[in-house]
Amino acid sequence: SYGGYIDIIPKGIDKNTGLRFESEYNKVLPEQMRVIVDGENDLPMVEFVGPGSRAVGNATHEVKTAVIDRGGFVAKGEVGVGVLEIAQHEKSLFS
């Protein structure tokens, strides 16, 4: 992770492992899923979900670029404000 945090996880396991399991178990296509990301440890989820990727404004440059390259959405707001902005964006897609 970044910003002074350390992720300790078993080798070969990451957030995307759980996301893939959820997709297979519940028969949800990756393009039907949404993820909100901010750090490099989230990049495998961005790759898996593609256009359903959302980044908050304080996400790293690499993460924002990956989200944009896959057709996702990057909020201007940081942290909680960014999550609210993403929720409003999602609502506008279905209104």
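Just so we're clear, the structure is a prediction, and the values are computed from it rather than from any experiment.

Draft legend 1. Region of interest: the side chain of Asp42. One can find Asp42 in the loop between strand 1 (35-37) and helix 2 (43-49). For Asp42, a relative accessible area of 2% puts it in the buried group. Among the polar contacts made by the side chain of Asp42, one reaches the side chain of Lys15 at a distance of 2.7 Å. Residue contacts for Asp42: discarding those within four places in its chain leaves Lys15 and Val37.

Draft legend 2. Summary view of the sheet that holds strand 1. Ordered in space as 1-2-3, the three strands form an open sheet in which the pairing is parallel. Each having just a single partner strand, strand 1 and strand 3 (73-74) make up the two edges of the open sheet. As defined by bridge partners, strand 2 (residues 53-55) adjoins strand 3 across two bridges and the pair is classed as parallel. Within the sheet, the bridge partner assigned to Arg54 lies in strand 3 and is Phe73. Each of strand 1, strand 2 and strand 3 touches helix 4 (residues 79-93); the most contacted strand, strand 2, lies at about 145 degrees to it.

Draft legend 3. Quick peek at helix 4. With 15 residues, helix 4 should reach 21 Å at 1.5 Å per residue; the first-to-last C-alpha distance of 21 Å fits that figure. Buried within helix 4 we find Gly82, Ile86 and Glu90. Taken around the axis of helix 4, the buried residues stretch over an arc of 80 degrees, which confines them to a single face. Among the exposed residues of helix 4, those pointing more than 90 degrees away from its buried face are Val81, Leu84, Gln88 and Lys91. Its buried side turned inward, helix 4 meets strand 1, strand 2 and strand 3.

The rules we used
Residues numbered from 1 in each chain as written. Predicted model: local features only at pLDDT ≥ 70, side-chain atom pairs only at ≥ 80, totals over all residues. Heavy atoms only, no water. Helix = DSSP H or I, 4+ residues; strand = E, 2+ residues; numbered from the N terminus. Buried < 20%, exposed > 50% of the residue type's maximum accessible area, 1.4 Å probe, protein only. Polar contact = N/O pair within 3.5 Å; in protein donor to acceptor, adjacent residues only side chain to side chain. Contact = heavy atoms within 4.5 Å. Pairing = 2+ DSSP bridges. Axes fitted to C-alpha atoms, helices over the stretch in contact; angles between N-to-C directions. Expected span 1.5 Å × (residues − 1). Arc of directions from axis to C-beta.

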